[in-house]
Amino acid sequence: PPAMYKLYHYPRCSTCRKARAWLDAHDVTVELIDIVENPPSREVLALVMRHADLPVAKLFNTSGELYRAGNYKERLKTMDKAEALAELAAQGKLIKRPLLVGDGVALVGFREAEYERALG
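Here the structure is a predicted model, which is why all the values come from computation and not from measurement. Numbers given for residues are sequential positions, taken from 1 along each chain in its written order. Confidence filtering applies because this is a predicted model: local features only for residues at pLDDT of at least 70, side-chain atom pairs given and counted only at 80 or more, and all residues used for totals across whole chains, interfaces and linings. Side-chain metrics rest on all non-hydrogen atoms present in the structure, leaving aside hydrogens and water.

Trainee: Hey, could you run me through the overall build of the chain in this one?
Mentor: Helix and strand labels come from DSSP, where a helix needs a run of H or I of at least four residues and a strand needs a run of E of at least two; each type is numbered from the N terminus. Check the secondary structure of the chain and you find six helices and four strands. The order of α-helices and β-strands along the chain, N terminus first, is β-α-β-α-α-α-α-β-β-α. Expected size for 120 residues packed as a compact globule is a radius of gyration near 14 Å; at 14 Å, the chain falls within 12% of this value. Counting every position in the chain, which comprises 120 residues, the buried fraction comes to 40%. Here a residue-residue contact requires only that any non-hydrogen atoms of the pair lie within 4.5 Å. The contacts in the chain between residues at least 6 apart in sequence include a share of 69% that link residues at least 24 apart. Here the Shrake-Rupley method, with its probe set to 1.4 Å, supplies the accessible areas, and only the displayed protein chains count as covering residues. For the chain, the accessible area works out to roughly 7,000 Å², and carbon and sulfur atoms hold 48% of it. Radius of gyration: C-alpha atoms only; globule rule: 2.2 Å multiplied by the number of residues to the exponent 0.38. Note on classification: 1.4 Å probe, protein chains only; a residue is buried when its accessible area is under 20% of the maximum for its type, exposed when over 50%, partly exposed between these limits.

Trainee: What is the right way to read the environment of Thr15 from this model?
Mentor: Assignment of secondary structure puts Thr15 in helix α1 (residues 14–25). Along the primary structure Thr15 and Gly109 are separated by 94 residues, whereas in three dimensions their C-alpha atoms are 7.6 Å apart. For Thr15, the residues in contact, after removing those within four places along its chain, are Arg97, Pro98 and Phe110.

Trainee: Just to check I follow, could you spell out the nonpolar core for this structure?
Mentor: Nonpolar side chains tend to gather and get buried jointly when the protein is soluble and globular. Nonpolar core, defined: a set of buried Ala, Val, Leu, Ile, Met, Phe, Trp, Tyr and Cys residues in which side-chain atoms within 4.5 Å join the residues together. Counting residues in each nonpolar core, the largest one holds 25 residues, and the members touching the most others are Leu59, Phe60, Leu88 and Leu99. Once residues within four sequence positions are removed from consideration, Leu99 is found in contact with Lys6, Leu7, Tyr8, Pro40, Leu45, Val48, Leu107 and Val108. Listed in part, the 12 residues of the second largest apolar core include Leu7, Leu107, Phe110 and Leu119.

Trainee: Just to check I follow, could you spell out helix α2 (residues 42–52) for this structure?
Mentor: Note: α-helices contain 3.6 residues per turn, so residues at a spacing of three or four share the same orientation. Buried residues of α2: Leu45, Val48 and Met49, and no others. End-on view of α2: buried residues confined to an arc of 100 degrees, all on one side of the axis. Within α2, the exposed residues directed more than 90 degrees away from the buried face are Glu43 and Arg50. Contacts from the buried residues of α2 go to α5 (81–90), β3 (99–102) and β4 (105–108). Immediately beyond the C-terminal end of α2, within one or two residues, lies Asp53, with a positive phi of roughly 55 degrees. The arc in question is traced by the directions running from the helix axis to the C-beta atoms.

Trainee: For this particular structure, what's the right way to read the environment of Trp22?
Mentor: Structurally, the position occupied by Trp22 is in helix α1. With 93 residues separating them along the chain, Trp22 and Tyr115 place their C-alpha atoms 8.4 Å apart. Ignoring any residue separated from it by four or fewer positions in sequence, one finds Trp22 in contact with Val28, Phe110, Glu112, Tyr115, Glu116, Leu119 and Gly120.

Trainee: Please clarify how the pairing of β3 should be interpreted in this entry.
Mentor: Looking down a regular strand, the side chains alternate between one sheet face and the other. Of the two faces of β3, the one lined by Leu99 and Val101 and the one lined by Leu100 and Gly102 are each fully buried. Two strands pair when backbone bridges link them, and strand β1 (residues 5–9) and β3 are joined in this way by three bridges, in the antiparallel orientation. Across the sheet, the residue bridging to Lys6 is Val101, located in β3. Two strands are counted as paired when DSSP detects at least two bridges linking them. Pairing of β3 with β4 involves four bridges; the strand directions are antiparallel. Counted as the bridge partner of Gly102 is Val105 from β4.

What follows is the structure, encoded as structure tokens:
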């Protein structure tokens, strides 16, 4: 059967690997997408915000180099949602990963309990 979910991940990210291991162990088929080479579009990110009920700031990878270098902590205070989504869509490394999207589900980062609730 075709994958119902897309997992935007970064292959060298240990958290992404944990998410993939969990998905494999629970027989959840996903389409793997490299978040750096093919970041999700603004539309996908807006959908994630709605489904996950998160503010745009929660989509940022706050521990990343780009986040710090770009001074996003300060800039997000004055940035509107459209601008923030455009920055995320342009630079996959800015996005908190992994990002699991599909079938009315959107999960940002990997927390086993959240995955269990949504997919278990």
